[in-house]
Every structure is written in structure tokens, then in C-alpha cells.
Protein chains: 2
Amino acid sequence: MMQYLPSHGYEFTNCSSIIRNLVYDHGGGDLSANSEAKVAAEAEAKAAAACNRHSEAERRRRKRINGHLATLRGLLPNTVKADKASLLAEVVRRVTELKKVAAELESTGMDESEGYYMIPSENDELELTYVGEDSSTKKIMIKARICCEDRPELIVELTRALGSMHVKLVRTEIGTLGGRIKCVLWVQVSSVTKDQGLQELRRALKVVTDRASLMDLPRNKRPRGSDTCV
Amino acid sequence: MMQYLPSHGYEFTNCSSIIRNLVYDHGGGDLSANSEAKVAAEAEAKAAAACNRHSEAERRRRKRINGHLATLRGLLPNTVKADKASLLAEVVRRVTELKKVAAELESTGMDESEGYYMIPSENDELELTYVGEDSSTKKIMIKARICCEDRPELIVELTRALGSMHVKLVRTEIGTLGGRIKCVLWVQVSSVTKDQGLQELRRALKVVTDRASLMDLPRNKRPRGSDTCV
DNA sequence: AGAGACACGTGATTC
DNA sequence: TGAATCACGTGTCTC
């Protein structure tokens, strides 16, 4: 650890301009009048004061900057002993990370969860959006936005439709209002191209939104509760 | 804009140690032998070289630090003209923001969406967790984790149960497997205390998980599709 | 002219 | 010893 206490007593007036002034005084002081010496002394004092203000301002500025750096040290883990450059490098890394995450949220529309977007509209809707490809897993992400009349079987139908594909339901958001339902699904599709994924998913979901009956299925596979009557 | 080109030619050797050496040379140089002058010259040259290395290293250090600062300027919007301190203040703000968002995701368990957590278990479950209070809106966030037998009316019942309370469904995640369903709800409750919110929500959701019949409701309020037979 | 911001070289300190 | 880091005061430039 370094401390850098002000061990050398630089506290006051170490300004070279003063020294310069002193030199000038020494050179021509003997011939000058008393008033001239006074003027010189005044000038010297003034310069010294200005110099002090300057160095003090610079001290304040440094303190401000280092204060922020200290704050960042406190914010980021394992940077207590890091030097300034390394600390800033780490900060750059984190901010980059933040930007990436934020951009991802933006592009997936995952920040649309509040309010407006989740309110069902009056018109039926089946909109698929290609979100992107995960660089590491090479899997395609597709966002599906569905809006239609609400009915109890809907969720089961959706689950069933997705289950028929090689997909992973990453996230679901559902909003209902006045008997209508809005459903946004984030689906991860593997091993297919973008167009294939969009096409297959659209076909699967269209079955649901078109109110396709589940009654074609064998009885023991039908969702419980939807056919308990009879 | 400031440029701070190296307008004053500080490029080489402005080390006061050299000046000091020169002063000493001037003081006792006349009486010394040639070899002594050589030694002095060597020492001077050595000191000058060391001094150069020092100032160059410092220059490199500054360059590294300022390089990171420039990177941060590029990363953050509207910081092109900001001075160092303001830039760092903005960086602190952003990193704090990042930490807050990350902590929120952590505490709400919103990062549990993948894999394990959304797989329904074999046992029924109704677990409510107090997530926290939004500092700005003063609203309570509760996470409800439900696991039970799947049935088509479930979602409608849930929606209905929540609709009977003054709550806002912020986020929903649903996972189904083998006829069972796991459902995690993030619910924002307003105008009640933590305990009130937990209690009311638990009562409302228990009705659902206990398979309470909806048939007590007036016919026109029953969810469509669940009672079309008769 | 006066305050603020920056780069610079330097001495002190640590490893 | 030497390399690296830091705080410091200073000169210079801008507004």
C-alpha cells in the first residue's frame, strides 16, 4: 500500500515565480526608491497569492478526480489494490458489459413488459420477430407476439404447439383484458436456420390462434379439464 | 476544445538534478583533475538517462490512464466534451445503475428463468416471497411460485384471483411438464403493507391451487371455454 | 484578468 | 538497484 502523505512540507508557497521575483529584486533593488520596493513586494505578494490559489485549485481538482476513482473502487469487486490504470480498465470492462446487456434487453424487447405493450389489442395478431443468434450456443431466438380471444385451453395449446418443436421457452409474458389475451413468447430454436425457425414456429402457433381443436388428439393426451364434461 | 500540444519543448532533459550537477561543476571544476570531470560527466549522463527514463515512464502511465478515459468517453453518451471529473462522475452513475439492475435481477430471481427453476416439481407448492419495495413508487413486489396439476382454467383463475386485488402483474413465467404446471408471478401490490400484501395474495392464490370451482360465479362472468358444455 | 482544466517533470514511496 | 506508481506544483491554454 502507498500512502503518499504530504511528507515534504510543500504546504505553502513553493512557486518559482516568487523566486524569480526575488532574483529581480536582488538585481536592481539597491538603486530603487522605497516605493518601488513596496510595489515589488506587493507584486510579489500578489503573485504568491495567485500561485497559491492555483496550486490549491489543482489540489481540489485532483481530489475530485481521485474521489470518483475511490468510489469506483468501492463499487467494483477486487479493485481495492488495483492501480489507477487497472481500475479504469476494469471499469471499461464493466461499462461495456452494461451496454451489451442493455442492448440485448432492448433488442429482445424484454423491457416492454410494463404497461402498454402487454395490453391486448382488439385485433388478432400473430407476429414473429427474429431476435438474433446467441454467439456462444448458436441458437436462434425468436419473439412471438400473440393476441386473440382468451380461452382456457390457450396456454395448454401453446405449450403443446411448442412441445412439438425443438424449442426452449425462455420467457413468457401474458396480459389479459376484457376477455382477450396478449401473449409474448421468447423462444430459443436450435439446429435450424432463421427462416426455417420462423416458418415452423409460425405454422405451429397459427394452429393455436386459429382455434384449432385439440380433439384430434387421443383422449389420454388431451389437457385435463377441457373435456371433463359429457 | 483543448489540445495541449507539447508547444513548450519539454521533450528532452529538463531535470533539475542535471542543473544541480552543473552548478556543482561550476563551483569546484577548476581545481579538479580531468578524470574527475570525466566521472562527473559520466554521473551526469547517467542521471540524465535515469531522469529521462523516469519521465518517459510517467508519460506512458499518463497515456494509459487517459486512454481508458477516452474509451469511457466513447462508451458513454454525451461525455465527449466533459472534463475528467465529470466524466468519472457519469461513469460512477452508470456503474451504480448497472449494479442496481444486476442486484434487482438477482433478488427478484428473474435470472432463474432458464432451466431448473421452471420445471414443475411433483409436489404442490405455493410459495410467496417478499421481493422488496420500489424506492420511487413505494410499491411492494411479491414473487409467487406456484406448482400444481395443470388444467386449462388455471390461468384464467389466476388472472381472476389477481384481478380481485389491487395488483399489477409485472411478469409471468410458466413451465409445464407431464401434466403439471409451474408458474412464477411477479406481482406489484400498492397501498398495503408487506404483511397485508403477502396475506391477501396468499389467500387469493390458495383459492386457485386448492382447485376452487369457478362455478360459484355468475354464468356471464365465467371464463369462456370452460363451461361450454352442459 | 481570472478561474478552470490539462500535461508535464519531479521527489517520494513501494516492491 | 531499478521499475512502477502516486501526489505535487507549475506552465500553458481556453473561456
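Each chain has its residues counted from 1, running along the sequence as written. Starting at A for chains and at 1 for ligands, labels are handed out in the order in which the entities are written. Owing to the predicted nature of the model, reporting of local features is limited to residues with pLDDT of at least 70; listing and counting of side-chain atom pairs is limited to 80 or more, with chain, interface and lining totals taken over all residues. Hydrogen atoms and water are omitted, and side-chain values are computed over all heavy atoms in the structure.

Enquirer: Please explain the overall build of chain A as it appears in this structure.
Expert: Labels follow the DSSP assignment, with helices taken as runs of H or I lasting at least four residues and strands as runs of E lasting at least two, numbered in each case from the N terminus. Helix and strand content of chain A: 5 helices and 4 strands. Tracing chain A from N to C terminus, the helices and strands come up as α-α-α-β-β-α-β-β-α. Contacts are assigned to residue pairs that have any heavy atoms within 4.5 Å of one another. Excluding contacts between residues fewer than 6 apart, the proportion of contacts in chain A whose partners are at least 24 apart in sequence is 58%.

Enquirer: Where do I start with the pattern of salt bridges in this structure?
Expert: When charged atoms on two side chains of opposite charge get close, those side chains can pair. In what follows, salt bridge is the name for a side-chain nitrogen of Lys or Arg lying within 4 Å of a carboxyl oxygen of Asp or Glu. Evaluated as defined, the whole model comprises 9 salt bridges over all chains. Of the charged contacts in the structure, one is a salt bridge between A:Arg145 and A:Glu127, with a shortest N-O distance of 4.0 Å. Remark: A:Glu127 occurs in strand S1 (residues 125–133) and A:Arg145 occurs in strand S2 (residues 140–149); sequence separation between them is 18 residues. Judged by relative accessible area, A:Arg145 falls into the buried class, the value being 9%. Taking relative accessible area as the criterion, A:Glu127 reaches 36% and is therefore assigned partly exposed. Residue B:Glu58 is joined to B:Arg62 by a salt bridge in which the shortest nitrogen-to-oxygen separation is 3.9 Å. Separated by 4 residues within a single helix, B:Glu58 and B:Arg62 lie in helix H2 (residues 34–75), roughly one turn from each other. You can call B:Glu58 partly exposed: its relative accessible area is 30%. Three labels apply to residues, based on accessible area from a 1.4 Å probe with only protein chains included: buried if under 20% of the type maximum, exposed if over 50%, partly exposed otherwise in between. In this structure B:Arg62 comes out as partly exposed when scored by relative accessible area, which is 42%. Residues joined in a network through salt bridges with shared partners are A:Glu58, A:Arg61 and A:Arg62.

Enquirer: Looking at this structure, I do not really get helix H5 (residues 194–209) of chain A. What am I missing?
Expert: Every α-helix winds through 3.6 residues per turn, so residues three or four apart in the chain are directed the same way. Residue and element names in this part refer to chain A. Take the residue count of a helix, subtract one, and multiply by 1.5 Å to get its expected span. Between its first and last C-alpha, H5 extends 22 Å over 16 residues, near the 22 Å set by a 1.5 Å rise per residue. What H5 keeps buried is the set Gly-197, Leu-198, Leu-201, Ala-204, Leu-205, Val-208 and Thr-209. Down the axis of H5, the buried set is contained in an arc of 140°. They therefore lie on one face. Facing away from the buried surface of H5 by more than 90 degrees, the exposed residues are Asp-195 and Gln-199. In this context, the arc is that of the directions from the helix axis out to the C-beta atoms.

Enquirer: Could you clarify how one ought to interpret the side chain of A:Thr79 in this entry?
Expert: In this fold, A:Thr79 is placed in the loop between helix H2 (34–75) and helix H3 (84–108). Sequence-distant contacts of A:Thr79, defined by excluding residues within four places in its chain, comprise A:Leu72, A:Arg73, A:Leu87 and A:Glu90.

Enquirer: Help me out: how do you make sense of the environment of B:Pro77 in this one?
Expert: Structurally, the position occupied by B:Pro77 is in the loop between H2 and helix H3 (84–108). C-alpha separation for the pair B:Pro77 and B:Glu90, spaced 13 residues apart in sequence, amounts to 9.6 Å.

Enquirer: Is there a simple way to explain the environment of A:Thr209 in this structure?
Expert: All names here are of chain A. Examined against the element boundaries, Thr-209 turns out to sit in helix H5. Looking at Thr-209, the relative accessible area reads 16%, which means it is buried. Separated by 59 residues in the primary sequence, Thr-209 and Asp-150 have C-alpha atoms spaced 10.0 Å apart. In contact with Thr-209, not counting residues within four places along its chain, are Leu-126 and Ile-146.

Enquirer: Looking at this structure, how should I read unusual backbone geometry?
Expert: Outside of glycine, negative phi angles account for most residues, and trans bonds account for most peptide bonds. Despite not being glycine, A:Asn78 shows a phi value in the positive range, around 60°. Considering the arrangement of structural elements, one finds A:Asn78 in the loop between H2 and H3.

Enquirer: Just checking my understanding: could you explain the state of the cysteines for this structure?
Expert: Each disulfide consists of a covalent bond between the sulfur atoms of two cysteine residues. All names here are of chain B. Only a pair of cysteine sulfur atoms within 2.5 Å counts as a disulfide in this structure description. Taken as a whole and judged by the stated rule, the model has 0 disulfides over all chains. Cys-147 forms no disulfide, and the closest cysteine sulfur to it belongs to Cys-148, at a distance of 6.7 Å. The exposure class of Cys-147 is buried, given its relative accessible area of 1%.

Enquirer: Would you take a moment to explain the confidence of the model for chain A for this structure?
Expert: In low-pLDDT segments, the atomic positions of the prediction should not be examined closely. Residues and elements named next belong to chain A. Within chain A, residue pLDDT values average 70, and 60% of them lie at 70 or more. Across the chain, each position has a pLDDT score giving the predictor's confidence in that residue, from 0 to 100. At the level of individual helices and strands, chain A shows its lowest average pLDDT in helix H1 (residues 16–28), which scores 47, and its highest in H5, which scores 88. Scored below 50 in pLDDT, residues 1–13 makes 4 contacts in the model with residues more than four places away or belonging to other chains. Low confidence marks residues 17–30, where pLDDT is under 50. Its contacts with residues over four positions away, or in another chain, come to 9 contacts.

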